[in-house]
Amino acid sequence: MAKKTVADIEVKGKKVLMRVDFNVPQDDDGNITSDDRIVKALPTIKNILNRGGALLLMSHLGRPEGKRDDAYTLRPVAERLSELLGKKVIFANDCVGPDAKAKAAALKPGDVLLLENLRFYKEEVIKDKAAKEDAQLREAKDTFARELAAMADVYVDDAFGTAHRDNASMYTVPSVMEGKPRVTGFLIEKELNFLGDTIRNPSRPFVAILGGAKVSDKIGVIENLIDKVNRIIIGGAMAYTFLKSRGKAVGDSLCEDDFMDKALALLDQATEAGCEVMLPPDHVVVRKLAPGAEHRIAVGDIDPGWQAVDIGPMARKEFAEKIVGAKTILWNGPMGVFEIAPFDEGTKAIAQAVAQATEQGAKSVVGGGDSASAIEQLGLQDKISHISTGGGASLEFLEGKKFKAIEILDDKQ
Ligand code: 3PG
Ligand code: MG
């Protein structure tokens, strides 16, 4: 059933506690390298402020392991948000405790407060399964959630990137706020509509492009997509587990030997379902991976001592042809070692093909940080139908999993 959104409730004069995913990428000096996740939360933020709500924003940043660590402060995010909103963003140096409580209590309609990183508390990341089995953990997670919940009258979840987690702020806070409005923001609504509709009503041909290092991360997605898509294009290091399972020589390429049987079974399953799986026919290979490493093209087998770091020119051409001919495209994961040029060429070629297909009328949905940043680097953002703010979350959605954190929110009547 569809979930209520912030548009369905009254926020005027209310304290609105909103979980966002401001887990943004940063460089070594803490500068935000993409503010996409902040920008995409703005419609919900502005809507609440314009309607006279007072907003308490909460998020995690990175994985600080349950203790305060200034390398993971959300302060730079407060500054960026303030620039984007053109108004002051109050910052609380802690997500709970006296300072947060006092600042929350003093909020007036139209004010916005950002709480410090939730993951400075280990309680935030206690898994619900562990909490069910251990009374002490349950008590700790609940107490933390109640402290956050006590500051507000309404709960809004717009943290799509974290929707697959049962963190305290995602799941326990709305649980303990039962009886108060608990709704989604516009970003979650949009993400669920786009991803859901793409899977349910695709125009054909429907092509999925999967990349990244590990087959083991993508098994669930492949299994769920096999009978939905016409074709799966596989690149990135995960391709070498598939190629090896088919008896190809992969040299020293990354390979998950433990998953070779599974890879072969997936290929058989796809053949039975009439889903074509395309693997790269050629590869960019190096002896040792480093910036500026000597590289060459290997067609078919890869010699011992060499490892694949990108798809080759033939693969780019073959893949691009099928992508450009598609009407629906899902893409998650890079084709090679995207962070080291020139081994980003394959990923960029795919990004260009996806943009071209979209210009010709295809619907394209991209998830995962690396694929999204390839598109950003090429300035192609506006040529993609939907770039998801979720990496892990969009993958789990494509696996057909349900999100507890969203299930618990109020249903539309
Ligand atoms: C992400 O970027 O994957 C989300 O913000 C969730 O973060 P996590 O994987 O550390 O839970
Ligand atoms: Mg993640």
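The coordinates are above.
Residues numbered from 1 in each chain as written. Chains lettered and ligands numbered in written order. Predicted model: local features only at pLDDT ≥ 70, side-chain atom pairs only at ≥ 80, totals over all residues. Heavy atoms only, no water.

K.L.:
Just to check I follow, could you spell out the overall build of the protein chain for this structure?
P.N.:
For the protein chain, the helix and strand inventory stands at 16 helices and 15 strands. Against the globule reference of 22 Å for 413 residues, the protein chain gives a C-alpha radius of gyration of 23 Å, in line with a compact fold. With the principal axes as the frame, the protein chain shows a C-alpha extent of 65 × 45 × 45 Å. When the 413 residues of the protein chain are sorted by exposure, 53% land in the buried category. By element, 48% of the accessible surface of the protein chain is carried by carbon and sulfur atoms, the whole surface being about 17800 Å². (Helix = DSSP H or I, 4+ residues; strand = E, 2+ residues; numbered from the N terminus. Rg over C-alpha atoms; globule rule 2.2 N^0.38 Å. Buried < 20%, exposed > 50% of the residue type's maximum accessible area, 1.4 Å probe, protein only. Areas by Shrake-Rupley, 256 points an atom, 1.4 Å probe, with all protein chains shown as cover.)

K.L.:
Looking at this structure, how should I read the packing of helix α10 (residues 238-245) against helix α11 (residues 260-273)?
P.N.:
When two helices pack together, their arrangement is captured by the angle between the axes and the distance separating the axes. Put simply, α10 and α11 touch, their axes get as near as 8 Å, and they point 80 degrees apart. For the element pair α10 / α11, the angle class is roughly perpendicular. Residues Thr 241, Phe 242, Lys 244 and Ser 245 of α10 form the contact with α11, whose participating residues are Met 260, Ala 263, Leu 264, Leu 266 and Leu 267. Looking at the contact of α10 with α11 residue by residue, the classes come out as six nonpolar, two polar and one charged. (Axes fitted to C-alpha atoms, helices over the stretch in contact; angles between N-to-C directions. Parallel < 35°, antiparallel > 145°, perpendicular 65-115°, else oblique. Contact = heavy atoms within 4.5 Å. Nonpolar A, V, L, I, M, F, W, Y, C, P; charged D, E, K, R; others polar.)

K.L.:
Can you help me understand the sheet that holds strand β10 (residues 282-286) in this one?
P.N.:
Two strands in a sheet stick together by hydrogen bonds in their backbones, pointing the same way (parallel) or opposite ways (antiparallel). Pairing is antiparallel across the open sheet formed by three strands, whose spatial order is β11-β10-β12. Looking along the sheet, the strands with just one partner apiece sit at the ends: β11 (295-299) and β12 (307-311). Neighbouring strand axes in the sheet, compared pairwise and without regard to direction, differ in orientation by 40 degrees on average. As paired strands, β10 and β11 are joined by five bridges and run antiparallel to one another. Its bridge partner lying in β11, Val 285 is registered against Arg 296. (Pairing = 2+ DSSP bridges.)

K.L.:
Whenever I open this one, the site of ligand 1 confuses me. Can you help?
P.N.:
Every residue lining ligand 1 is accounted for by Asp 21, Asn 23, Arg 37, His 60, Arg 63, Arg 119, Gly 161, Thr 162 and Arg 165. Taking Asp 21, its side chain carries an N or O atom lying 2.7 Å from an oxygen atom of ligand 1. Arg 119 places a polar side-chain atom, nitrogen or oxygen, 2.8 Å from an oxygen atom of ligand 1. Relative to its unbound accessible area of 310 Å², ligand 1 is 84% covered by the protein chains. A breakdown of the residues in the shell around ligand 1 according to their chemical character gives no nonpolar, four polar and five charged. (Near = heavy atom within 4 Å. Polar contact = N/O pair within 3.5 Å; in protein donor to acceptor, adjacent residues only side chain to side chain.)

K.L.:
Sorry, what's going on with the pairing of strand β8 (residues 231-234) here?
P.N.:
Alternating residues of β8 divide into Arg 231 and Ile 233 and Ile 232 and Ile 234, and every residue in both groups is buried. Sheet topology note: the strand β7 (residues 206-210)/β8 ladder contains four bridges and is parallel. Opposite Ile 209, over in β8, you have Ile 233 as the bridge partner. Taken together, β7, helix α9 (residues 215-225) and β8 form a β-α-β motif whose crossover is right-handed. (Right-handed = clockwise from strand over helix to strand, strands pointing away.)

K.L.:
What is the right way to look at the environment of Val 183 in this model?
P.N.:
Mapped onto the elements, Val 183 comes out in strand β6 (residues 182-184). For Val 183, a relative accessible area of 0% corresponds to the buried category. Each C-alpha atom of the pair Val 183 and Leu 195 lies 19 Å from the other, and the pair is twelve residues apart in sequence. Residues contacting Val 183, with those up to four places away along its chain left out, are Lys 4, Thr 5, Val 6, Ile 9, Tyr 155, Val 156, Asp 157 and Leu 409.

K.L.:
What am I meant to see in the side chain of Glu 256 here?
P.N.:
By the element assignment, Glu 256 lies in the loop between α10 and α11. In this structure the side chain of Glu 256 is engaged in a polar contact, spanning 2.7 Å, whose partner is the backbone nitrogen of Val 215. Residues contacting Glu 256, with those up to four places away along its chain left out, are Lys 214, Val 215, Ser 216 and Thr 241.

K.L.:
Looking at this structure, how should I read the packing of aromatic side chains?
P.N.:
Aromatic ring pairs: the centre-centre distance and the angle between the two ring planes describe each pair. All chains considered together, the criterion is met by three aromatic pairs. Centre to centre, the rings of Phe 160 and Phe 403 are 6.4 Å apart; their planes meet at 75 degrees, and the pair counts as edge-to-face. You can see Phe 160 sitting in the loop between β5 (154-157) and α7 (168-176) and its partner Phe 403 sitting in the loop between α15 (392-398) and α16 (404-407), a full 243 residues away along the chain. When its relative accessible area of 6% is taken as the criterion, Phe 403 is described as buried. Pairing Phe 397 with Phe 403 gives two aromatic rings, centres 6.4 Å apart and planes at 45 degrees, and the pair type is tilted. Each member of the pair, Phe 397 as well as Phe 403, carries the same accessibility label: buried. Here the aromatic residues Phe 160, Phe 397 and Phe 403 are joined through ring pairs into a cluster of three or more. Taking NZ or CZ as reference, Arg 296 lies 3.9 Å from the ring centre of Trp 306, over its face. One Lys or Arg, Lys 404, reaches over the ring of Tyr 171 and ends 4.4 Å from the middle of that ring. (Phe/Tyr/Trp six-rings, centres within 6.5 Å; stacked < 30°, edge-to-face > 60°. Lys NZ or Arg CZ within 6 Å of the ring centre and 35° of its normal.)

K.L.:
Where do I start with helix α6 (residues 135-149) in this structure?
P.N.:
Each α-helix winds once per 3.6 residues, and so residues spaced three or four apart point in a common direction. End to end, α6 covers 20 Å across 15 residues, agreeing with the expected 21 Å (1.5 Å per residue, within 8%). For α6, the set of buried residues is Lys 141, Phe 144, Ala 145, Leu 148 and Ala 149. Burial along α6 is one-sided: seen end-on, the buried residues are contained in an arc of 140 degrees. Pointing more than 90 degrees away from the buried face of α6 are the exposed residues Gln 136 and Glu 139. Tucked inside the fold, the buried residues of α6 contact β1 (15-19), β2 (54-58), β4 (112-115), α5 (128-133) and α7. For α6, the N-terminal capping position is held by Asp 134, with its side-chain oxygen 2.9 Å away from the main-chain nitrogen of Gln 136. (Expected span 1.5 Å × (residues − 1). Arc of directions from axis to C-beta.)

K.L.:
Before we go on, may I ask you to explain the sheet that holds strand β14 (residues 363-367) in this structure?
P.N.:
One open sheet accounts for six strands, arranged β9-β8-β7-β13-β14-β15; its pairing is parallel. Strand pairing shows two members of the sheet lacking a second neighbour, β9 (276-278) and β15 (386-387), which therefore form its edges.

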